[in-house]
Amino acid sequence: MSFDESHLPVTPTWAREFESLCEPSQTFTLCTVSDGVPHGRTCVFRGWLFDDRRSGVLVITTDARSDKMKDLGLDSYRKSAIKNSSSPEPSPSMNPSPFPSVISNYKASPSQSGIDIANASAAHIDDIDKNSTASLSNSPFEGVFYFPKPKKQVRLSGQIIPLSLALPKPTDYFIQPPPGKTWNDEVMRVWNALSDEMRVSFHGPPPGQPLSAQHEKLLDAMSRGVDGNDPSSGLANFVVLLLHVDKVDYVQLKQPIKRTIITRASEDEWNMQNVCP
Ligand SMILES: Cc1cc2nc3c(=O)[nH]c(=O)nc-3n(C[C@H](O)[C@H](O)[C@H](O)COP(=O)(O)O)c2cc1C
């Protein structure tokens, strides 16, 4: 089934209430597993795939160089992005795009005409794990949201699908871009919705690497907006993570206390089971 005007999935039963609980830039704990070791970190829920809750797929953003990319089976992509970031310190005179472009044939659609995507930098495709095409099989996650006022916890679990300008696209995913749109358009839609400050952070020093004097200098220049980088150079490190939900565990701690498990039965069918809290 493709996600288009003629055949939209129905809004998942849980999505409407879940969305009503969320504040703008709602944070949650995103948990993944790497070699049997659990990792949790705070992330911002940035809305739904294609800006439509009928997709039932949550969107978050991350840095290609961050450790969580390992948990998604994208370690060589992560390392390549880190390697490319170790280029000479940016200065006002430096070419803002030190990465080879893998998207030279990509033409921005008119809606993104503000940014020259064709010149946006990206880690080289050869550096990407050949088996890392976005698939629904091996990048499990759990996202834990707690809403203190109504005392509700929502745990969403399923699979993560990574999207970036450089990564292979999820061609076998049952949801596909609406007619006339591409996965790269979706990457750019999410990128364009970020604040300038957020976009700039993607050309900062690699997250988690030892802090050198050069990094400190770059961070300082970035904070003052004088690092000389074109904001779009951060696109090389920009990754959209699609959280494809298969199970929702909903707990209400206020009376009447209740707990409901909602599981995906098929592409757009969900089963609901009340369970003991
Ligand atoms: C309030 C808040 C919001 C955050 N939002 C995100 C986010 O949306 N995406 C992200 O990758 N990291 C976000 N971070 C940083 C992560 O919590 C984490 O430190 C970083 O992603 C590195 O995690 P990793 O080493 O597991 O990849 C946020 C941190 C805070 C404190």
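From a predicted model like this one, the values you see are computed outputs, not experimental measurements.

(A) Representation of the pairing of strand β3 (residues 57–63). By the criterion of burial, β3 is predominantly enclosed, with 7 of the 7 residues buried. Bridge count for β3 against strand β6 (residues 238–252) is 7 bridges, and the pairing is antiparallel. If you follow V59 over to β6, its bridge partner there is L242.

(B) Geometry of the confidence of the model for the protein. Mean pLDDT over the protein stands at 81; residues scoring 70 or higher make up 78%. Note that pLDDT drops below 50 for residues 87–135; the model gives that stretch 98 contacts with residues more than four away or on any other chain.

(C) Expanded view of the nonpolar core. The biggest cluster of nonpolar side chains holds 45 residues, and the ones touching the most others in it are L163, V187, V240, L242 and L243. Put simply, the parts of the chain that give this core at least two residues each are α1 (15–21), β1 (27–34), β3, α3 (75–85), β5 (152–163), α4 (183–193) and β6. Examining the composition of this core, we find that 9 residues originate from one element, β6, more than from any other. If we skip the residues at most four places from it in the chain, V187 touches L163, S164, L165 and V240.

What counts, and where the lines are drawn
- Residues numbered from 1 in each chain as written.
- Predicted model: local features only at pLDDT ≥ 70, side-chain atom pairs only at ≥ 80, totals over all residues.
- Buried ≥ 20, exposed ≤ 12 C-beta atoms within 10 Å, placed from the backbone.
- Helix = DSSP H or I, 4+ residues; strand = E, 2+ residues; numbered from the N terminus.
- Pairing = 2+ DSSP bridges.
- pLDDT = per-residue confidence, 0-100.
- Contact = placed C-beta atoms within 7 Å.
- Core = buried A, V, L, I, M, F, W, Y, C linked by C-beta atoms within 7 Å.

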